[in-house]
Amino acid sequence: MTRKEIHNQALFNEARMETLRWVTRRHFLKDSVTGLGAMALGSFLTGCDWLGSKSATTSNVFDSAHPLAPKLPMFPGKAKSVIYLHMAGAPSQLELFDYKPALMKLDGQDCPQSLLEGKRFAFIRGVPKMLGPQAKFQQRGHSGAWVSDHLPHFATVADEVSFLKAVQTDQFNHAPAQLLMHTGGPRLGRPSMGAWVTYGLGTENSNLPGFVVLTSGGKFPDAGKSVWGSGFLPSVYQGVQCRSEGDPVLFIKDPRGMDRDLRKASIDAINEVNRISYEEFKDPEILSRISQYEMAFKMQTSVPDAMNINDEPDYIHEMYGTQPNKACFANNVLLARKLVEKGVRFVQLFDWGWDSHGSDANLAIDIGFINKCRSVDKAMTALLLDLKQRGLLDETLVIWGGEFGRTPMQENREGKPNPFKGRDHHTEAFTIWLAGGGIKQGFSFGETDEIGYSAISGKVSAFDIQATVLNQLGFDHEKFTYNFLGRPFRLTDVRGRVINEILA
Amino acid sequence: MPLNITELIGRFHPVLVHLPIGILLFALLLLWLSRMQKYSSLAPAVRIALLLGAISAIVSCISGLFLASNGDYDEQTVVLHKWMGLLVAMISSSCYVLFSFPNSFQGQKKIAFGLSGALFVMIFITGHLGGTLTHGEGFLTEPLQKIFEDSVPLAGKKIIPNVQEAKVYDDIIQPLLQNKCYRCHSSVKQKGGLRLDTREWIVKGGKDGEILGSGSIEKSELYKRLTLDPLEEHHMPPKGRPQPSEAEIALIHWWISSGTSFDKKVKDFNQPEKIKPILLSLQSADNGPKSNPEVPGTPVGAAPDSTLAKLRELGVVILPVGAGTNYLSANIISGQQNGLSGDQLAGMLEPLATQLIWLKMGNTNLTEKGMRSIGRLRALTRLNLDHTGIDDQALSQLKGLDSLQYLNLVGTEVTARGLITLKALPKLHSIYLYQTRIGRNDWELLFRAFPKTKLDSGGYSVPFLPTDTAIVRQAPAKTTP
């Protein structure tokens with residue numbers, strides 16, 4: 001063979017490989033199964049809407065042409081938007097809200113065998129020592145809620161919130177527990193709460209996404225982007241993560257030689273190409289892509305006004321304790337308030353660094369943990385007060401909590417005491433608080449035993465919290481479904497109960 | 001308008017479905033009869049009947065798929081009906097194949113007859129689901145239900161005018177038992193040998209003995225069953241049945257622990273603090289957790305579509321507040337109204353005066369003219385006028401909004417004098433007044449003018465504490481708690 005022939009041969013092979021790469025498993029299955037089988041398969045691959053299917057019986061149907069159009073809820077809800085402050089890593093309830101003087105008496109003693117039998121912990125092995133509360137507590141406000149001195153600002157607004165003192169989970173590792181909290185299942189693949197809400201209600205402000213995610217603490221939540229993913233819902237409903245440092249969205253300013261009109265024209269051309277491929281393949285994910293391009297462009301043009309916290313007056317910055325041009329929780333909280341004000345439905349904040357095992361000083365319950373508390377206290381207090389003075393708190397549901405709690409025992413990794421004081425992951429009882437959006441003020445629900453080990457009354461699960469969030473937004477969590485794999489799916493799977501006790 | 005051929009084919013579905021039902025049932029009849037010596041001569045007809053049945057089933061499926069994609073049916077039932085229909089088509093085709101080529105493999109006959117039995121059942125289920133789709137849920141069982149419901153009518157929600165004078169059993173406990181327990185424990189059914197519909201039966205208890213614990217709540221089987229974990233098998237009422245609310249369980253607790261009197265009045269009972277608000281709530285129409293006090297209880301006619309369409313085209317987010325109600329919420333998002341001023345938009349809302357209950361006009365250009373239009377929206381319960389620059393004169397236009405409960409005036413030019421013009425509004429429960437022109441000395445006056453309304457002055461601050469930015473690097477020295 002001559003050189004040229006070899007070259008041609010190689011070129012031909014490459015072309016053939018490229019063509020084959022186009023044929024995915026899905027195409028192969030679709031092409032090879034004909035007749036009745038194909039029909040059945042067609043409903044497995046739900047979504048490819050060849051027949052332009054529509055149904056008017058429920059308002060919650062995916063309209064692929066206008067996936068983010070505002071939609072009405074099932075019944076008039078009391079909340080219009082949600083701000084979820086997730087303290088990733090799981091803060092200790094025993095140093096913040098669940099005051100256990102009896103535990104102090106046991107400090108340093110061996111953990112009784114009855115608490116260890118048949119239990120598994122993430123790190124504790126053998127017989128650990130009990131660890132008394134590492135904070136001073138006081139009762140606050142008219143409600144007399146116990147809040148520790150670690151949160152001096154929040155203590156002044158304790159009368160605004162409802163505490164859930166007996167939240168339980170069945171996952172003792174971060175990633176599955178976070179997934180359970182936000183997607184209703186400990187494994188990957190299910191849509192997050194914010195995605196469900198956006199699917200149900202769309203977005204009010206057509207220039208902004210319905211579901212925005214902001215992170216701080218220097219690290220992503222352990223479960224990764226799946227905690228704000230869209231799972232089996234069309235991907236247009238996934239959380240839009242904004243940058244926490246610098247401009248929230250990239251390319252707000254036009255690059256040199258590339259004016260606004262040219263950028264718009266480029267997006268239009270790309271969308272036209274996408275529209276042609278939609279005509280060809282009828283894959284609704286292409287429509288999602290089109291609307292995401294459009295949204296991205298709208299965000300770039302509307303961002304300076306909607307997503308920039310720099311134009312807030314100084315006293316507001318002081319109130320939240322923001323730090324200019326840094327990625328921090330306070331900046332994110334202030335941005336969250338702005339977004340909700342502009343009509344964003346669901347703002348999800350993750351702040352990493354609450355995993356107080358005691359394995360180093362930053363993760364020590366009496367060192368790093370206090371610093372974490374200080375980094376969020378002012379901002380979360382300011383959020384409640386700022387929403388209140390703007391008349392937004394009664395229609396904005398604010399949730400604060402981690403993915404599980406921490407043990408009343410001191411962690412002894414591999415049977416040896418840790419270098420610093422710390423607590424292991426604990427699933428049987430922890431505290432989450434909710435405020436605004438039709439939630440009772442100055443209320444506490446659920447109790448734990450006298451050392452804070454297990455819940456004794458008012459037990460609630462992640463599903464119950466999810467059911468309550470949906471209820472406040474106007475959805476019956478048992479009827480709010482999406483058809484996938486030939487059956488309807490819900491956020492709360494087959495569980496969940498609205499926590500009526502905390503509803504105003 | 002072009003002819004939609006799929007839609008046309010779809011509409012033949014209700015006619016076509018009767019073919020597979022008839023032919024397949026006839027085929028099954030032939031099949032089973034031909035097993036008998038006497039009718040064995042029918043055997044050759046089975047094949048052709050199955051073939052025709054299977055073809056008609058496939059045709060029905062295709063037409064059905066078209067109909068489902070074009071029609072408005074209850075989604076859940078459609079999905080189930082679709083799958084059952086596809087199964088009928090597949091099983092009938094398999095039956096045809098299996099009976100056409102007998103003895104191809106071991107046990108074929110057993111499988112074939114098994115499938116034919118399954119087919120028989122599936123046809124009925126599919127047919128029933130189809131019927132449910134066209135005639136509505138419960139069409140078949142309606143006549144039966146009437147008989148059943150006559151025997152166990154639900155006690156209507158009754159408002160007790162003076163709860164202290166009410167009889168505890170007759171007025172409070174009995175209606176509760178009737179609604180939650182009579183279905184299975186009354187003259188209709190006596191599950192567990194238990195009846196709860198007369199005093200004598202309640203005292204007697206079920207087959208395991210008495211249920212009231214002779215006045216001791218710890219021993220009462222009735223109370224124990226109510227408060228068991230709902231996932232527990234012995235929990236009552238069983239899973240899937242309407243469950244009593246927390247308040248209702250508290251009432252039962254109160255009744256049993258106070259000695260289960262059948263004659264005493266509420267005032268003769270000891271009333272612990274916990275039970276007082278529950279008793280009081282029996283005096284008013286309790287709305288349950290799903291009602292929203294900001295939505296009127298009386299239904300209203302639908303708003304004119306043309307008005308809604310016009311507003312939506314202008315970028316106004318206007319929707320019913322929930323499914324099944326015509327009351328509307330409107331949100332005018334700034335920068336999204338194609339250059340129309342707040343006044344113009346407010347004018348366009350006027351035809352919706354009876355339906356519009358929630359209105360957000362924040363950050364728009366509003367003057368007295370627009371406020372006059374808003375003042376005509378008499379159904380409004382929530383109104384956001386924040387950052388609109390309206391003044392006292394404009395605000396006084398809202399005097400007639402009798403239903404108004406929430407008013408947001410943050411960032412406007414209103415003063416105490418203007419606000420006072422609204423003091424007669426009977427339902428107003430909160431007004432937000434952050435960044436308004438209300439003088440520091442006016443608040444006293446305003447609090448007196450609005451005794452029942454929460455006036456939020458805003459201007460909250462979160463003072464700086466040295467600990468906010470201080471970083472802890474060492475564990476604190478051990479102190480005695």
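All figures in this text were calculated on a predicted structure; none of them were measured in a lab.

What counts as what
Residues numbered from 1 in each chain as written. Chains lettered and ligands numbered in written order. Predicted model: local features only at pLDDT ≥ 70, side-chain atom pairs only at ≥ 80, totals over all residues. Helix = DSSP H or I, 4+ residues; strand = E, 2+ residues; numbered from the N terminus. Contact = placed C-beta atoms within 7 Å. Core = buried A, V, L, I, M, F, W, Y, C linked by C-beta atoms within 7 Å. Buried ≥ 20, exposed ≤ 12 C-beta atoms within 10 Å, placed from the backbone. Domains from an automatic or database assignment. Nonpolar A, V, L, I, M, F, W, Y, C, P; charged D, E, K, R; others polar. Pairing = 2+ DSSP bridges. Axes fitted to C-alpha atoms, helices over the stretch in contact; angles between N-to-C directions. Parallel < 35°, antiparallel > 145°, perpendicular 65-115°, else oblique. Left-handed = near helix turned anticlockwise from the far one by under 90°. pLDDT = per-residue confidence, 0-100.

Engineer: Explain the environment of threonine 407 of chain A to me, using residue names and the numbers behind them.
Structural biologist: All names here are of chain A. By secondary structure assignment, the location of threonine 407 is in strand E9 (residues 405-410). On a C-alpha basis, the gap between threonine 407 and serine 92 in space is 8.2 Å, while along the polypeptide they are 315 residues apart. The contacts of threonine 407, once residues within four sequence positions are left out, are Phe121, Ile124, Arg423, Asp424 and His426.

Engineer: Describe the nonpolar core, and please don't skip the residues or the numbers.
Structural biologist: In terms of nonpolar packing, the biggest core is built from 126 residues, with Val212, Val333, Ala336, Val347, Ala379, Val398 and Leu434 of chain A touching the most fellow members. Top contributing element to this core by residue count: helix H12 (residues 368-389) of chain A, with eleven residues. Setting aside its immediate chain neighbours within four residues, valine 212 of chain A contacts Gly239, Val240, Cys242, Leu339, Val344 and Val347 of chain A. Listed in part, the 50 residues of the second largest apolar core include Ala303, Tyr327, Leu383 and Ile431 of chain B.

Engineer: Now, about the domain arrangement of chain A: what can you tell me, with residues and values included?
Structural biologist: One widely used convention gives an interface's size as the accessible area the parts lose upon coming together. Each assigned domain of chain A is listed here: domain 1 (3-44), domain 2 (81-248 + 326-502) and domain 3 (249-306). Domain 1 of chain A and domain 2 of chain A are separated by 47 Å when their C-alpha centres are compared.

Engineer: With reference to specific residues and values, describe unusual backbone geometry.
Structural biologist: For the bond from methionine 236 of chain B to proline 237 of chain B, the omega torsion is -15°, close enough to zero to count as cis. Considering the arrangement of structural elements, one finds proline 237 of chain B in the loop between helix H10 (221-227) and helix H11 (246-257). Of note, the phi angle at asparagine 325 of chain A is positive, near 60°, even though the residue is not glycine. Tracing the backbone through its elements, the reader meets asparagine 325 of chain A in the loop between helix H10 (314-320) and helix H11 (329-341). The phi angle at glutamate 414 of chain A is positive, at roughly 55°, despite the residue not being glycine. Secondary-structure assignment places glutamate 414 of chain A in the loop between E9 and strand E10 (423-426).

Engineer: Please set out the interface of chain B and chain A residue by residue, giving values where relevant.
Structural biologist: Listed per partner, the contact involves 48 residues of chain B and 50 residues of chain A. Those elements giving two or more residues to the side of chain B that touches chain A turn out to be helix H4 (43-70), helix H5 (75-100) and strand E1 (317-320) of chain B. With seven residues, the single largest contributor to the side of chain B that touches chain A is H5 of chain B. When its residues are assigned to classes, the side of chain B that touches chain A shows 26 nonpolar, 13 polar and nine charged.

Engineer: Tell me about the domain arrangement of chain B, and please be specific about residues and values.
Structural biologist: As assigned here, chain B comprises domain 1 (5-135), domain 2 (163-281) and domain 3 (305-456). The straight-line distance from the C-alpha centre of domain 1 of chain B to that of domain 2 of chain B is 51 Å.

Engineer: How would you explain the pairing of strand E7 (residues 346-352) of chain A if you had to name every residue and give the values?
Structural biologist: Residues and elements named next belong to chain A. Across the seven residues of E7, seven count as buried, placing the element largely inside the fold. Judged by which residues are buried, E7 turns out to be covered on both faces: Phe346, Gln348, Phe350 and Trp352 on one side and Val347, Leu349 and Asp351 on the other are all buried. Pairing of strand E5 (residues 211-216) with E7 involves six bridges; the strand directions are parallel. For threonine 215, the partnering residue across the bridge sits in E7 and is phenylalanine 350.

Engineer: Tell me about the packing of helix H3 (residues 18-33) of chain B against H4 of chain B, residues and numbers included.
Structural biologist: Residues and elements named next belong to chain B. Axis separation between H3 and H4 bottoms out at 8 Å; the angle between their running directions is 155°. Put simply, H3 runs roughly antiparallel to H4. When the axes of H3 and H4 are compared, the crossing they make is left-handed. Along its contact with H3, which presents Leu19, Pro20, Ile23, Leu24, Phe26, Ala27, Leu30 and Leu31, the element H4 presents Ala45, Val46, Ala49, Leu50, Leu52, Gly53, Ser56, Ala57 and Ser60.

Engineer: Break down the packing of H11 of chain A against H12 of chain A for me, citing the residues and quoting the values.
Structural biologist: Residue and element names in this part refer to chain A. Put simply, H11 and H12 touch, their axes get as near as 9 Å, and they point 15° apart. Here H12 runs roughly parallel to H11, going by the angle between their axes. The element H11 and its partner H12 pack so that their crossing is right-handed. Residues Phe329, Ala330, Val333 and Arg337 of H11 pack against Ser375, Val376, Lys378, Ala379, Met380, Leu383, Asp386 and Leu387 of H12.

Engineer: Requested: an account of the pairing of strand E3 (residues 145-148) of chain A, with residues and values cited.
Structural biologist: All names here are of chain A. As judged from the four bridges shared by strand E2 (residues 137-140) and E3, these two strands associate in the antiparallel manner. Bridging from a neighbouring strand, glutamine 139 pairs with tryptophan 146 of E3. Two successive antiparallel strands, E2 and E3, enclose a turn made up of four residues, where glycine 141 displays a positive phi of approximately 60°.

Engineer: Quick one: what's the story with the confidence of the model for chain A, residue by residue and with numbers?
Structural biologist: For chain A, the mean per-residue pLDDT works out to 88, and 91% of the residues sit at or above 70. Between residues 41-60 of chain A, whose pLDDT stays under 50, and residues either more than four places distant or in other chains, the model counts 38 contacts.

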